[in-house]
Amino acid sequence: WAAAPAAPADALRQPIAREAAVRERLASLFERHLRGYACSAEQAARGLQGGLLSAAEEAATRLVHFEQHLLLAHLRSLPRS
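Quick caveat: nothing in here was measured; it's all calculated off a predicted structure.

### Some thoughts on the packing of helix H3 (residues 41-50) against helix H4 (residues 55-77)
Part 1 of the argument: The contact between H3 and H4 brings their axes to 9 Å, and the two run at 150 degrees. The angle between the axes of H3 and H4 places the two elements in the roughly antiparallel class. The way H3 lies across H4 gives a crossing that is left-handed. For the pair H3 and H4, the contacting residues are Ala41, Ala44, Ala45 and Leu48 in the first and Glu58, Thr61, Arg62, His65, Gln68 and His69 in the second.
Part 2 of the argument: In the contact of H3 with H4, the residues fall into four nonpolar, four polar and two charged.

Next up, the structure:
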């Protein structure tokens, strides 16, 4: 006889196979994406303070600044081995 399938709740309590490798890969993707920006989040914030951007440039810069902070927060929250 085949073993009965585990209940979904039991599956949630099991360690995720290759979790550490997945975290490392995710961190690597975040880091690579962050390196692709033309400026850092701090530089983008300074650009916003200068007041020299058009409305479209300011909106784009705000979006980039938000995305960078979001990625950095996720990157810092990933436990790494």
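Having seen the model, we can carry on.
### Points about the nonpolar core
Part 1 of the argument: Among the nonpolar cores identified, the biggest contains seven residues, and these are Ala27, Phe30, Leu34, Tyr37, Leu71, Leu75 and Leu78.
Part 2 of the argument: Counting only elements with at least two residues in this core, the list comes to helix H2 (19-35) and H4.
Part 3 of the argument: Considering each element in turn, this core owes the most residues, three residues, to H2.
Part 4 of the argument: Other than its neighbours up to four places away in sequence, Leu71 contacts Phe30, His33, Leu34 and Tyr37.

### Let's talk about the pattern of salt bridges
Part 1 of the argument: According to the stated counting rule, one finds two salt bridges in the structure shown.
Part 2 of the argument: The salt bridge involving Arg23 is made with Glu19; its shortest N-O contact spans 3.7 Å. Linking Arg23 with Glu19, this pair stays in helix H2, spanning four residues, or about one helical turn.

What counts, and where the lines are drawn
- Counting restarts for each chain, with residues numbered from 1 along the sequence as it is written.
- Thresholds applied to this predicted model are a pLDDT of at least 70 for local features of residues and 80 or more for the giving and counting of side-chain atom pairs; totals over whole chains, interfaces and linings are not thresholded and use all residues.
- The side-chain values count all of the structure's non-hydrogen atoms but skip hydrogen atoms and water molecules.
- In this analysis an axis means a line fitted to C-alpha atoms, helices contributing only their contacting stretch, and an angle means the value between N-to-C directions, from 0 to 180 degrees.
- For the purposes of this entry, the term helix denotes a DSSP run of H or I that reaches at least four residues, the term strand denotes a run of E that reaches at least two, and both are numbered from the N terminus.
- Angles below 35 degrees are treated as roughly parallel, those above 145 as roughly antiparallel, those between 65 and 115 as roughly perpendicular, and all remaining angles as oblique.
- What makes a crossing left-handed is the near helix being turned counterclockwise from the far one by less than a right angle; a clockwise turn instead makes it right-handed.
- Note on definitions: a residue-residue contact is assigned when non-hydrogen atoms from the two residues lie within 4.5 Å.
- Classes in brief: Ala, Val, Leu, Ile, Met, Phe, Trp, Tyr, Cys and Pro nonpolar; Asp, Glu, Lys and Arg charged; the others, Gly included, polar.
- Nonpolar core, defined: a set of buried Ala, Val, Leu, Ile, Met, Phe, Trp, Tyr and Cys residues in which side-chain atoms within 4.5 Å join the residues together.
- Only protein chains enter the accessibility calculation, which uses a 1.4 Å probe; a residue is then buried when its area is under 20% of its type maximum, exposed when over 50%, and partly exposed in between.
- Basic side-chain nitrogens of Lys or Arg form a salt bridge, by our definition, when they fall within 4 Å of a carboxyl oxygen of Asp or Glu.

Purely spatial values, then, with no claim about function.
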